[in-house]
Amino acid sequence: MSSRFHNKVAIVTGASSGIGRATAISLAREGARLVICADRNVDGLEETRSAIAELEAECLAMRVDVRSQEQIEACVQATLERFGTIDILVNNAGTGQFAPFASMENDEYDRVMDINLRGTFYLCRAVLPTMMKNDYGKIVNVTSVMGEVAAQGQSVYNASKGAAKLLTQGIAVDVTGSNINVNAVAPGMVVTNMTQRMFANEKMERFFTERIPKRRIGQPEDIAPAILFLCSDEASYIHGTTLVVDGGMLCTR
Ligand SMILES: NC(=O)c1ccc[n+]([C@@H]2O[C@H](COP(=O)([O-])OP(=O)(O)OC[C@H]3O[C@@H](n4cnc5c(N)ncnc54)[C@H](O)[C@@H]3O)[C@@H](O)[C@H]2O)c1
């Protein structure tokens, strides 16, 4: 087992499937001790936990709704009790938007903003005291190319991810002088639970593939290495940036 993250303690949210699962497993493969969280998909979380157990890495799986400050504080507390520290936070939990702007209900606005932005805010704030005390930490927020440019029917999702990008920059500035790195990864189109229905439609799949210079939709395993890079000490001079991982899609806009 490689040791780039030997004994590092990493919290990964939204680890029950997709990009979060691929990231958690990759971190474990490289020596990290994991705290994996998700809100509802308990079976998915268990599958991730068992894949990590097969790697003989330590792992604590917790049901956490990132909209709840109480549950996040309990998660951070449980991490500290089990592992004594927190080195890495990957804010990956997220949700999509399924309505054009004119028909967006207040509840849907709250749901998208609370999961994608408020959750990131709560988690970053909850881990920072430990990272400040240790003068060491890596935070990676998973945003989206939809936080870089707008798309039809995605207005509030666009706003949540654009705001998460700026929140990343703001925190990066506020930890000035510390040995803490705060960055974001903005995936393009990736086949996960969130998008599988869309890409199951052959026409949609072709529509997007034709707009991606790499001529394929991404997989979670295309995104995880970028997240790991920003979590690593090789990236210690990269701070407050958003790394777009989209097969070149944004170049064509
Ligand atoms: N799939 C894509 O094309 C794509 C593109 C750009 C960005 N993203 C972002 O990547 C991240 C991961 O999404 P994915 O594509 O792997 O989808 P996914 O549906 O496989 O994973 C989403 C994860 O977030 C968790 N989650 C959702 N609401 C939550 C809540 N309230 N509390 C805690 N956990 C919650 C889910 O349980 C799941 O584990 C999201 O932030 C998403 O916005 C995805």
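Above this text you will find the structure in question.
The present account deals with the structure reproduced in this document.

Reading the values: rules and limits
Residues numbered from 1 in each chain as written. Predicted model: local features only at pLDDT ≥ 70, side-chain atom pairs only at ≥ 80, totals over all residues. Heavy atoms only, no water. Helix = DSSP H or I, 4+ residues; strand = E, 2+ residues; numbered from the N terminus. Rg over C-alpha atoms; globule rule 2.2 N^0.38 Å. Buried < 20%, exposed > 50% of the residue type's maximum accessible area, 1.4 Å probe, protein only. Contact = heavy atoms within 4.5 Å. Areas by Shrake-Rupley, 256 points an atom, 1.4 Å probe, with all protein chains shown as cover. Lys, Arg positive; Asp, Glu negative; His and termini not counted. Charge placed at Lys NZ, Arg CZ, Asp CG, Glu CD. Near = heavy atom within 4 Å. Polar contact = N/O pair within 3.5 Å; in protein donor to acceptor, adjacent residues only side chain to side chain. Nonpolar A, V, L, I, M, F, W, Y, C, P; charged D, E, K, R; others polar.

The next point concerns the overall build of the chain. The helix and strand inventory of the chain stands at eight helices and seven strands. Here the C-alpha atoms of the chain give a radius of gyration of 17 Å, agreeing with the 18 Å that 2.2 N^0.38 yields for 253 residues. Its C-alpha atoms give the chain principal-axis dimensions of about 50 × 35 × 35 Å. Across the 253 residues of the chain, 53% fall into the buried class. Considering only residue pairs separated by 6 or more positions, the chain has 71% of its internal contacts joining residues 24 or more positions apart. Carbon and sulfur atoms provide 50% of the accessible area of the chain, an area that totals close to 12100 Å². Treating the 25 positive side-chain charges of the chain as one cloud and the 29 negative ones as another, the clouds have centres 4 Å apart.

We now examine the site of the ligand. Not every one of the 29 residues close to the ligand is listed here, only the nearest: Ser16, Ser17, Asn92, Tyr157 and Thr192. Thr192 has a polar side-chain atom sitting 2.7 Å from an oxygen atom of the ligand. Separating an oxygen atom of the ligand from a backbone N or O atom of Met194 is a distance of 3.5 Å. In the complex, the protein chains occlude 94% of the 820 Å² of accessible area that the ligand would expose alone. When residues of the shell around the ligand are traced back to their parent elements, those giving at least two are helix 1 (18-29) and helix 5 (155-174). Class assignment for the residues of the shell around the ligand results in 13 nonpolar, twelve polar and four charged.

This part covers the environment of Asp246. Following the sequence through the fold, Asp246 ends up in the segment after strand 7 (242-245). Given the relative accessible area of 12%, Asp246 is considered buried. Separated by 85 residues in sequence, Asp246 and Lys161 place their C-alpha atoms 15 Å apart. Ignoring sequence-local partners within four residues, the contact set of Asp246 consists of Val145, Gly188 and Ile212.

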